[in-house]
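# Commentary on secondary and tertiary structure
The primary structure of each chain is shown beneath.
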Amino acid sequence: MSDWPRQSPVDVALRGACPRCGRGRLFRGLLGVVEHCSECGLDLRGNDAGDGPAVFVIMGLGAIVMILVFWVEFRFEPPWWVHVLIWGPFTVGLGVWMLRVLKAWLIAQQYAHRSTALDG
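A brief structural summary.

### Overview of the packing of helix 2 (residues 52-76) against helix 3 (residues 80-113)
Two elements in contact, helix 2 and helix 3, have axes separated by 9 Å at closest approach and are oriented at 150 degrees. One element, helix 2, and the other, helix 3, form an angle in the roughly antiparallel class. Considering only the axes of helix 2 and helix 3, their crossing is right-handed. Packed against helix 2, whose contacting residues are Gly52, Pro53, Ala54, Phe56, Val57, Leu61, Val65, Leu68, Val69, Val72 and Glu73, the element helix 3 presents His83, Trp87, Phe90, Thr91, Leu94, Gly95, Met98, Leu99, Leu102, Lys103 and Leu106 at the interface. In the contact of helix 2 with helix 3, the residues fall into 16 nonpolar, four polar and two charged.

### Observations concerning the nonpolar core
Formed by 14 residues in total, the largest nonpolar core has its most connected members in Cys18, Leu26, Val33, Cys37, Cys40, Leu42 and Leu44. If you tally residues by element for this core, the top one is helix 3, at three residues. In terms of nonpolar packing, the next biggest core, distinct from the first, is built from seven residues, Leu61, Val65, Val72 and Trp87 among them.

### Topic: the side chain of histidine 83
Of note, histidine 83 is situated in helix 3. Apart from residues no more than four positions distant in its own chain, histidine 83 is found in contact with Val69, Val72, Glu73, Pro78 and Gly88.

### Some words on the side chain of asparagine 47
Turning to its location among the elements, asparagine 47 is positioned in the loop between strand 2 (32-33) and helix 2. Dropping the residues within four chain positions of it, asparagine 47 is found in contact with Ile107, Gln110 and Arg114.

Criteria and cut-off values
Residues numbered from 1 in each chain as written. Predicted model: local features only at pLDDT ≥ 70, side-chain atom pairs only at ≥ 80, totals over all residues. Heavy atoms only, no water. Axes fitted to C-alpha atoms, helices over the stretch in contact; angles between N-to-C directions. Helix = DSSP H or I, 4+ residues; strand = E, 2+ residues; numbered from the N terminus. Parallel < 35°, antiparallel > 145°, perpendicular 65-115°, else oblique. Left-handed = near helix turned anticlockwise from the far one by under 90°. Contact = heavy atoms within 4.5 Å. Nonpolar A, V, L, I, M, F, W, Y, C, P; charged D, E, K, R; others polar. Core = buried A, V, L, I, M, F, W, Y, C linked by side-chain atoms within 4.5 Å. Buried < 20%, exposed > 50% of the residue type's maximum accessible area, 1.4 Å probe, protein only.

By themselves, these observations are geometric and do not establish any function.
Structure representation (structure tokens):
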């Protein structure tokens, strides 16, 4: 059994932290997972969130953005370029943030529920 205190997957996901110690960074750059935790040395190379986060972001963010686009269009009737200025940056920014959170959450879940210990 590990000497590390159990980390909340939600807390790990929101902070982008190591799922074992909760102190080290999980990501290098925007979405790349580090090979090892800088604090506890956990080997993170075997963790793979796959396409799960992307599917949730596409479906969820697409629905949220389209509801907001229609609301803004029917409520305020702005010119098309206003939609481009609003929804382009909003969609990219929220999409990247959601991908990071969901990817970190899935990695934390993999760590918490793995049947074989990969603590390095």
